Amino acid sequence: MSLTPDSPVATQVVPSPNHDERTLPVDALILHYTGMASGSEALLRLCNPLSKVSSHYLVLEAGRVVQMVPEARRAWHAGLSAWEGVRDMNSRSIGIEIAHPGHRDDGTVAPFPQEQMAAVTALCRDILGRWPIRPDRVLGHSDIAPERKIDPGESFPWVGLHGEGIGHWVPPAAIRDGRFFSEGDAGQPIEALQSMFGLYGYDVPVSGTFDARTKAVVTAFQRHFRPARVDGVADASTITTLRDLLAAKPA
């Protein structure tokens, strides 16, 4: 690729061989964390032909942005994934990897540094200014691959990005006692729940059974939109937040 980045936010081009031709128009932006000890280690992997993974951009810990794949090309960042019925999300999206060690052994996630998030914000703004990507199609890897991925995690500041005009967000409904649905439940309420998630974009069959796939989708949704409690249980807070997001979803 050219040594001139597509985005002025990127200060360096380190080409990765791991890309091919797009077959669909770009209409999504996918955010990841690298889950590796350092950004330099992640960069080596994303540019290694044996890894068969890449991303368009990598945002390093101190905020430096490196481009690895031209935006016009199909980077291999999403893997097996789906959103709004489309399964080749690599063709539909631009991928940003954020250097971060990922979830700790106890399941918690360290905060993302302020300078790094400032760079992520600037990069997202630039990309969204050049591509027709709706706010509700700025997504985490866990949204499009809920059974495989958990990044960028529940500490990722989606609300802060939304405050900068990036992504879709509503205030999460308060967590309170009341009726809830969990793995093993079945019936019409589960069909309705699965239908709501499908309307928002998640890939979940409407089976009427709260199965492992449904739990993974609920968990991914909570990581993104109701991070105060991530347990895969569809409580009133989760369902109300989903309802409010659907009501506010761009046409």
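Just above, that's the structure.
A few points on the structure. (Residues numbered from 1 in each chain as written. Predicted model: local features only at pLDDT ≥ 70, side-chain atom pairs only at ≥ 80, totals over all residues. Heavy atoms only, no water.)

1. A few points about the packing of aromatic side chains
Each aromatic ring pair is characterised by the separation of its centres together with the angle its planes make.
Piece 1. Applying the stated rule across the entire model yields 11 aromatic pairs.
Piece 2. An angle of 85 degrees between the planes, with centres 6.0 Å apart, marks the rings of Trp-83 and Tyr-200 as edge-to-face. Taken as a pair, Trp-83 in the loop between strand E6 (73-75) and helix H2 (89-92) and Tyr-200 in helix H6 (residues 188-200) lie far apart in primary sequence, 117 residues in all. Per residue, the accessibility class of Trp-83 equals that of Tyr-200, and both read buried.
Piece 3. With centroids separated by 5.1 Å and ring planes inclined at 40 degrees, the aromatic side chains of Phe-221 and Phe-225 adopt a geometry described as tilted. (Phe/Tyr/Trp six-rings, centres within 6.5 Å; stacked < 30°, edge-to-face > 60°. Helix = DSSP H or I, 4+ residues; strand = E, 2+ residues; numbered from the N terminus. Buried < 20%, exposed > 50% of the residue type's maximum accessible area, 1.4 Å probe, protein only.)

2. Some points on the sheet that holds strand E4 (residues 57-59)
Piece 1. Spatially, E1-E5-E4-E7-E3-E8 is the arrangement adopted by the six strands of the open sheet, whose pairing is mixed. Every other strand in the sheet has two partners, leaving strand E1 (12-13) and strand E8 (138-140) as the edge strands with one partner each.
Piece 2. Of the pairings in the sheet, the one linking E4 to strand E5 (residues 65-67) comprises three bridges and is antiparallel in character. Bridge pairing in E5 places Val-59 opposite Val-65.
Piece 3. Helix H3 (residues 114-130) contacts strand E3 (28-33), E4, E5, strand E7 (93-98) and E8 of the sheet and is inclined by roughly 155 degrees relative to E4. (Pairing = 2+ DSSP bridges. Contact = heavy atoms within 4.5 Å. Axes fitted to C-alpha atoms, helices over the stretch in contact; angles between N-to-C directions.)

3. Some words on helix H8 (residues 236-248)
Piece 1. The end-to-end C-alpha distance of H8 is 18 Å, a good match for the 18 Å that 13 residues give at a rise of 1.5 Å each.
Piece 2. Taken as a whole, H8 has its buried residues at Ala-236, Ser-237, Thr-238, Thr-240, Thr-241, Leu-242 and Leu-245.
Piece 3. Where H8 is buried, its residues meet H6 and helix H7 (212-225). (Expected span 1.5 Å × (residues − 1).)

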